[in-house]
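Listed below, chain by chain, are the residues.
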Amino acid sequence: MSAPANDVQDYVGFDTITQQMERKFLKRGFNLNVILVGESGMGKSTLVIRKTTEIAPVTQMLEENGVRVKLTIVDTPGFGDQCNNEGCWVPVIKYIKDQHAAYLERELKPNRERIIVDTRVHACLYFLNPGSRGLRPLDVEVLKRLTEVTNVIPVIAKSDSMTIEERTAFKRHIKEELAFHRIMLFPYASDDDADDDRVLNASIRELIPFAVVGSEEVIEVEGKLIRGRRHGWGVINIFDETHSDFVHLRNFMLRTHLSDLIEVTSQRHYEQFRTSQLRQIKELRAQQAAAAASGGAPPAQPQVPLSVMQHQPMTQV
Ligand code: GDP
Ligand code: MG
């Protein structure tokens, strides 16, 4: 918009706000935290080229055309013990909620930092076993719990172990099962989505679960170096869109839906956590006040720090 020619005095210039916001955003950069979850041996560590024995965040800075992204990947050891997977998701859910609790604590400090350190998990890549027939009861249970606390993105692990037909059939089957079990995945449908968002999100939903292939190896093919896996019948290039969905997944997370992942985490998942925590504190205080008023009750307890408050699961699976 340009200033009206007849009366320059009337032009306030708030139309420059988008440029101001953009500059500020770009300067500050984005902070994206992603957690990898799934059975052991599914190629989680290989995808990020790392070995894990504990939940461990690793950070790297990415920069493209002046936009900075601080990407932190939290690799997890995975569910190993096949005979007893009871509660195997507990450490992962606890990690995610602990990050929410830490943020809430920082946010509630009287003299809080201007920009609060944000370790909240923005996305969870959930690795599905390509050897299974579909979602196992364990997958359903873990996925339900994960979707309550973060944005979940299912991926088919080691998808080079399937033929193209098998992969297509597996994808379709998983999609049906996810819908059947009402597992709420990112990107969520929203009434205020513009038409182009709807089209974009539909194309993303079509790709879910993303078929990925990981590799630690750099291979020379026709004089070019690629990251891939060598098989008897040829080489898989993990960045080749006809071989794997890795590039689509990367574009989705780091380009088209980067700010959406961050925003939804704050407005949906964190907000839910925050509300339930603050409500618990309020109830606790009311109980203490009531006990004190009725006399003979135990003396009022000191304030409970947020980090040790009991995290209540929001639904029972
Ligand atoms: P994690 O337990 O999920 O972290 O799995 P790892 O990353 O340690 O990988 C387990 C094994 O699977 C290793 O021998 C990897 O070389 C192999 N692997 C990892 N990614 C792939 C893949 O995409 N395809 C195939 N065929 N093997 C893979
Ligand atoms: Mg690992």
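As the structure is a prediction and not an experimental result, all values here were calculated from the model.

J.: Which parts of the structure should I look at to understand the sheet that holds strand S7 (residues 218-221)?
T.: The strands making up a sheet associate through hydrogen bonds between their backbones, and the pairing can be parallel or antiparallel. Strand order across the open sheet formed by three strands is S7-S8-S9, with antiparallel pairing between neighbours. Every other strand in the sheet has two partners, leaving S7 and strand S9 (234-237) as the edge strands with one partner each. For this sheet the average axis-to-axis angle between neighbouring strands, irrespective of direction, equals 70°. As paired strands, strand S8 (residues 224-231) and S9 are joined by four bridges and run antiparallel to one another. In the sheet register, Arg230 faces S9, and the bridge partner there is Val235.

J.: Looking at this structure, how should I read the pattern of salt bridges?
T.: Enumeration according to the criterion identifies eleven salt bridges in this entry. Between Lys171 and Asp245 there is a salt bridge whose closest N-O contact spans 2.7 Å. Of this pair, Lys171 sits in helix H5 (residues 164-180) while Asp245 sits in the loop between S9 and helix H7 (246-256); the two residues are 74 residues apart in sequence, bridging distant segments of the chain. Like Asp245, Lys171 is buried. Each of the salt bridges in this network shares a partner with another, and the network as a whole consists of Glu39, Arg136 and Asp139.

J.: Could you clarify how one ought to interpret unusual backbone geometry in this entry?
T.: As a rule of thumb, non-glycine residues mostly have phi less than zero, and peptide bonds are mostly trans rather than cis. Cis peptide bonds are those with omega within 30 degrees of zero, and the linkage from Phe186 to Pro187 qualifies with -5°. For Pro187, the position within the fold is in the loop between H5 and helix H6 (195-207). We note that Arg182 has phi near 55°; this positive angle belongs to a residue other than glycine. Position of Arg182 among the secondary structure elements: in the loop between H5 and H6. Given a relative accessible area of 72%, Arg182 falls into the exposed group. One non-glycine residue, Glu222, adopts positive backbone phi at about 45°. Within the secondary structure, Glu222 sits in the loop between S7 and S8. Owing to a relative accessible area of 81%, Glu222 belongs among the exposed residues under this scheme.

J.: How should the site of ligand 1 be read in this particular structure?
T.: The environment of ligand 1 is made up of 14 residues, and the closest members are Gly41, Ser45, Thr46, Asp160 and Gly214. Note that an oxygen atom of ligand 1 is positioned 2.7 Å from one of the backbone N or O atoms of Gly41. Protein burial of ligand 1: of its 580 Å² of free accessible surface, 74% is covered by the chains. At three residues, the largest contribution of residues to the shell around ligand 1 is made by helix H2 (residues 44-47). Class assignment of the residues belonging to the shell around ligand 1 gives a composition of two nonpolar, six polar and six charged.

J.: I tried to follow the sheet that holds strand S1 (residues 30-38) on my own but got confused; where do I start?
T.: Within the open sheet, the six strands sit side by side as S2-S3-S1-S4-S5-S6. Their pairing is mixed. With one partner strand each, in any of the chains shown, strand S2 (56-64) and strand S6 (210-211) form the two edges of the open sheet. Relative to strand S4 (residues 123-128), S1 runs parallel, the two sharing five bridges. In the strand pairing of S4, Val37 is matched with Tyr126. Along the sheet face, helix H3 (residues 90-108) touches S1, S2 and strand S3 (67-75) and points at about 165° away from the line of S1.

J.: How do you make sense of the pairing of S3 when you look at a structure like this?
T.: Here S1 runs beside S3; their pairing, made up of seven bridges, is parallel. Bridging across to S3, Val34 finds its partner in Ile73. In terms of strand pairing, S2 meets S3 through nine bridges, oriented antiparallel. Each bridged residue has a counterpart across the sheet, and for Ala56 the counterpart in S3 is Asp75. Between S2 and S3, which pair antiparallel and follow one another directly, the connecting turn spans two residues, one of which, Asn65, has a positive phi of 45°.

The rules behind these values
- Residues numbered from 1 in each chain as written.
- Chains lettered and ligands numbered in written order.
- Predicted model: local features only at pLDDT ≥ 70, side-chain atom pairs only at ≥ 80, totals over all residues.
- Heavy atoms only, no water.
- Pairing = 2+ DSSP bridges.
- Helix = DSSP H or I, 4+ residues; strand = E, 2+ residues; numbered from the N terminus.
- Axes fitted to C-alpha atoms, helices over the stretch in contact; angles between N-to-C directions.
- Salt bridge = Lys/Arg side-chain N within 4 Å of Asp/Glu carboxyl O.
- Buried < 20%, exposed > 50% of the residue type's maximum accessible area, 1.4 Å probe, protein only.
- Near = heavy atom within 4 Å.
- Polar contact = N/O pair within 3.5 Å; in protein donor to acceptor, adjacent residues only side chain to side chain.
- Areas by Shrake-Rupley, 256 points an atom, 1.4 Å probe, with all protein chains shown as cover.
- Nonpolar A, V, L, I, M, F, W, Y, C, P; charged D, E, K, R; others polar.
- Contact = heavy atoms within 4.5 Å.

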